[in-house]
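Chain and residue survey
These are the residues of each chain, in order.
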Amino acid sequence: METDCTHHDSASPEAETGETASKSAPTPLPPGTRLLHIGPHKTGTTSIQGALFAAKDAMAGHGVDFPAHSRHPMEAALAICARPGMMGDAKPTEGHWKRLVDAVHATGRRTSVVSSEFFADAPDDEAIARVVDDLGRGRGRDQGRVHVLVTLRPLWKIMPSQWQQYVQNGLRMGYEDWLAHMLRKAPYEKPNPSFWRRHRHDRLVERWVRVVGAENVTVVVVDDRDRDGLMRTFESLLGLPDGLLVPVPDTANRSLTLAETEMLRKLNMEFRGNGLPDEVYSKMVRGGAVMHMKNACRPAPDDARITTPRWALEAAAGIGAEMAERIAAMGVRVLGDPALLSVVPSVASGEGTGPPRIDTEVAAHALYGALAVAAAAPAHPAASVRSVHQTSSKELVRVLGHRVLKRLKRE
């Protein structure tokens, strides 16, 4: 249980490992390695997954396979980690995992790479052991063929991104209240117990080390100042030519602005208050309104950003220092500068921005996205109350949209 969030003053840990903070390219993994990138969330996973998938044919020419059938084998990772998936989505099945495992085995003795941040949600050592055993099957008892890669970023950069992601999955709690629950209110598990499961990074690394051994774990501290650094690290580890992996633009994965997140959070409150089924949220809100808004609207430079208060930045830096110190003592290979995990930014994250104001064009795009889904799916699961139960999907969206816009106008 990830409950110990003791805070200390920020410090720069003096971590000493073989390749810590090295500027030179890391030593490539042995040919035939099955590289398993477990995230966690908000550490550059989407960017690297898109680059790997786009370059899969080119990588194959260099002896490296990307066996997943899509950019991100999310369902497979959710299934093996016994996670339910996003709110309202169909529950992943064992078949999703088996399909990925079969694809990995089909690579034979070639190097392969699998990436999903949801592997970080593995609930216990038994689940981790099964992941490693299934992927490494056919390689005898040599578990060294499976090598685990963990990517890390400072907590102060992760917290606002993770909060808005939780809002996209139905969270109704405001940012500062959420921070207080995560950082100040023991046992730090409500409303999102997955946060510290993923982002108490020292314990995440420790869980996987217990199963695969420190020699089979590499930790990469991502430096956002080096935009292509993570791509170059993957290339080096996989023995690929420099420049083969390039970022692929993905507007659907962009973070929401503060105004967009607040609009969605208030819609979540209306949604829960009216007893609508989760399937409607998945299809119309997340898959319709949010997705269309992300694809159609580019945030302006002066849009209000999610502001992390100073006390939370300092708390995050203190936890980061503890995590860096513990990881350094585990004997794993560490690439990048662990001191980045304990840095306190000079100003509060998002300071100097005005109040969140939703642009009418953004609201229109969001509403259109929901309407488009409703028009494409005339039959929808019914809600549990009479006033909604016998209402068409289109009218549901109209009512919800009207309520959101009316509230926004009042504010």
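The structure contained in this document is the topic of the report that follows. Since we're looking at a predicted model, the values are computed, not measured.

Rules used in this analysis
Residues numbered from 1 in each chain as written. Predicted model: local features only at pLDDT ≥ 70, side-chain atom pairs only at ≥ 80, totals over all residues. Heavy atoms only, no water. Helix = DSSP H or I, 4+ residues; strand = E, 2+ residues; numbered from the N terminus. Buried < 20%, exposed > 50% of the residue type's maximum accessible area, 1.4 Å probe, protein only. Pairing = 2+ DSSP bridges. Salt bridge = Lys/Arg side-chain N within 4 Å of Asp/Glu carboxyl O. Contact = heavy atoms within 4.5 Å. Axes fitted to C-alpha atoms, helices over the stretch in contact; angles between N-to-C directions.

Time to look at the environment of Leu267. Among the structural elements, Leu267 can be located in helix H11 (residues 258–273). Judged by its relative accessible area of 13%, Leu267 is buried. Between the C-alpha atoms of Leu267 and Val285, which are 18 residues apart in sequence, the distance is 8.9 Å.

Of all the five residues making up strand E5 (residues 217–221), five are buried; the element is thus mostly covered by neighbouring parts of the structure. Relative to E5, strand E4 (residues 146–152) is paired through five bridges, and the arrangement is parallel. Looking at E5, one finds that Leu149 is bridged to Thr218. Where E5 meets strand E6 (residues 333–335), three bridges bridge the pair, whose relative direction is parallel. Residue pairing in the sheet places Val220 in a bridge with Leu335 of E6.

On any regular strand, side chains alternate: one points to one face of the sheet, the next to the other face. Burial analysis of E4 places seven of its seven residues in the buried class, which makes it a mostly covered element. Of the two faces of E4, the one holding Val146, Val148, Val150 and Leu152 and the one holding His147, Leu149 and Thr151 are both buried throughout. Looking at chain direction, strand E1 (residues 34–37) and E4 are connected through four bridges and run parallel. Along E4, the bridge assignment pairs Arg34 with Val146.

Any two side chains of opposite charge can pair, so long as their charged atoms come close to each other. Counted according to the given criterion, the structure contains 21 salt bridges. Between Glu94 and Arg130 there is a salt bridge, and its shortest N-O distance comes to 2.2 Å. Here Glu94 is found in helix H4 (residues 94–105), whereas its partner Arg130 is found in helix H5 (residues 125–136), with 36 residues between them in sequence. The partly exposed category is assigned to Glu94, whose relative accessible area is 40%. Residue classification places Arg130 among the partly exposed positions, given a relative accessible area of 35%. Here Lys98 and Asp102 are joined by a salt bridge, their closest N and O atoms 2.9 Å apart. Linking Lys98 with Asp102, this pair stays in helix H4, spanning four residues, or about one helical turn. A relative accessible area of 51% places Lys98 in the exposed class.

One open sheet holds the six strands; their spatial order is E2-E3-E1-E4-E5-E6, and the pairing between them is parallel. If you trace the sheet from one side to the other, it starts and ends with strand E2 (64–65) and E6, each paired once. On the sheet, H5 packs against E1 and E4 and is oriented at approximately 150° with respect to E1.

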